[in-house]
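Structural description and commentary
Here is how the chains run, residue by residue.
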Amino acid sequence: MKRRSTPVNYTEAASVSQPNLSRPAATGRPDPEPVNLEAMTRTSDQVPPRPAEQLRADARQNHARLIAAATTAFAERGADAPLEDIARRAGVGIGTLYRHFPTRLDLQAAVFRSQVGAVCGEGEALLEKAPPGEAFGAWMRSLAGYLVTKRGLSHALIEAVGVESELISSCWMAMRQTTERLLANAQEAGVIRPDVDAMDVMRLVHGVAVSTEKAPERSDMLLSVMLDGLRAHPA
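Residues numbered from 1 in each chain as written. Predicted model: local features only at pLDDT ≥ 70, side-chain atom pairs only at ≥ 80, totals over all residues. Heavy atoms only, no water.

1. Structural notes on the nonpolar core
Ile86, Leu107, Phe112 and Phe136 are the most contacted members of the largest nonpolar core, which totals 57 residues. Of all the elements, helix α4 (residues 104-129) adds the most residues to this core, at 10 residues. Setting aside residues up to four positions removed in sequence, isoleucine 86 forms contacts with Leu66, Ala69, Ala70, Ala73, Phe74, Ala81, Leu97 and Leu107. (Core = buried A, V, L, I, M, F, W, Y, C linked by side-chain atoms within 4.5 Å. Buried < 20%, exposed > 50% of the residue type's maximum accessible area, 1.4 Å probe, protein only. Helix = DSSP H or I, 4+ residues; strand = E, 2+ residues; numbered from the N terminus. Contact = heavy atoms within 4.5 Å.)

2. Quick notes on the pattern of salt bridges
Summed over the entire model, instances satisfying the criterion amount to 10 salt bridges. In this structure, glutamate 124 and arginine 181 form a salt bridge, with 2.8 Å as the shortest nitrogen-oxygen distance. With a gap of 57 residues between them, glutamate 124 in helix α4 and arginine 181 in helix α7 (residues 166-188) connect regions that are remote in the sequence. Note on glutamate 124: relative accessible area 27%, which makes it partly exposed. Relative accessible area serves as the criterion here: at 32%, arginine 181 is assigned to the partly exposed category. Residue aspartate 195 pairs with arginine 193 through a salt bridge whose shortest N-O separation is 2.7 Å. (Salt bridge = Lys/Arg side-chain N within 4 Å of Asp/Glu carboxyl O.)

3. Observations regarding the side chain of threonine 212
By the element assignment, threonine 212 lies in the loop between α8 (198-211) and α9 (219-230). Take threonine 212: its relative accessible area is 3%, and that puts it in the buried class. Discounting chain neighbours no more than four positions away, the residues touching threonine 212 are Arg218, Ser219 and Leu222.

4. Topic: the state of the cysteines
Throughout the structure, instances matching the rule amount to 0 disulfides. Cysteine cysteine 171 shares no disulfide, and the gap to the nearest cysteine sulfur, in cysteine 120, comes to 8.2 Å. (Disulfide = S-S within 2.5 Å.)

5. With respect to the packing of α8 against α9
The contact between α8 and α9 brings their axes to 10 Å, and the two run at 160°. The angle between α8 and α9 falls in the class roughly antiparallel. The handedness of the crossing between α8 and α9 comes out as right-handed. Along its contact with α8, which presents Leu204, Val205, Val208 and Ser211, the element α9 presents Ser219, Leu222, Leu223, Met226 and Leu230. (Axes fitted to C-alpha atoms, helices over the stretch in contact; angles between N-to-C directions. Parallel < 35°, antiparallel > 145°, perpendicular 65-115°, else oblique. Left-handed = near helix turned anticlockwise from the far one by under 90°.)

6. Section: a nonpolar patch on the surface
Among the surface-exposed residues, Met221, Leu222 and Val225 lie close enough to one another that they form a single nonpolar patch of about 230 Å² accessible area. Secondary-structure assignment places valine 225 in helix α9. (Patch = residues over 30% accessible without salt bridge, like charges linked within 9 Å, V, L, I, M, F, W, Y side chains within 5 Å. Areas by Shrake-Rupley, 256 points an atom, 1.4 Å probe, with all protein chains shown as cover.)

7. Here's the deal with α9
Given a rise of 1.5 Å per residue, 12 residues ought to cover 16 Å, and the 16 Å separating the end C-alpha atoms of α9 matches this to within 8%. Among all positions of α9, only Ser219, Leu223, Met226, Leu227 and Leu230 are buried. Considered in projection along α9, the buried side chains sweep an arc of 100° and stay on one side of the axis. Looking at the buried positions of α9, the neighbouring elements they touch are α5 (132-149) and α8. (Expected span 1.5 Å × (residues − 1). Arc of directions from axis to C-beta.)

Shown next, in the form of structure tokens:
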């Protein structure tokens, strides 16, 4: 007898787990090592997705094209952009998209993780190539720009997996740690006042991003005002 094949049904159901991670209380101990942004999602059976670097070359290319296409589509049309359109932009079939990302949530999480990694990479590069004060100011603008463009995607993910989920917590931690390094660099150089911490800075940048969502032309001016207030003044 021939064995009948079982059809595969792709769904929009979430396959990203939702662990509840309580935020650690302040202990005075050093912060943990930078988080691994490649290990922030899990499929429904708790088996981690196969890392992109372990795929065949053509599969890696498709994976990268899908993330790039989804990044553009989510920015243009929101987190609910049609998956068929994303596959078409990437030059692959919808079946290929589902093989890499079984649900919309998996694709959203991959884009979110990729973009957090990219913006944090910009911050780390600034540490190497720019004077401390300039690097800190440039990071503030990069972070604000990221928060504005990814606001809709962030909302969709928070609603799906929760603000305390591993995905959201790990991405937030990565941005906080990058902010800490650039802030400490500027404070050690004496160009930023010593009585602020990374969370203060991120709250200020978030405030600018939210308040200028409908008036983006005011963002740079408000960031300049914020930076003026953060600068160290001679005793």
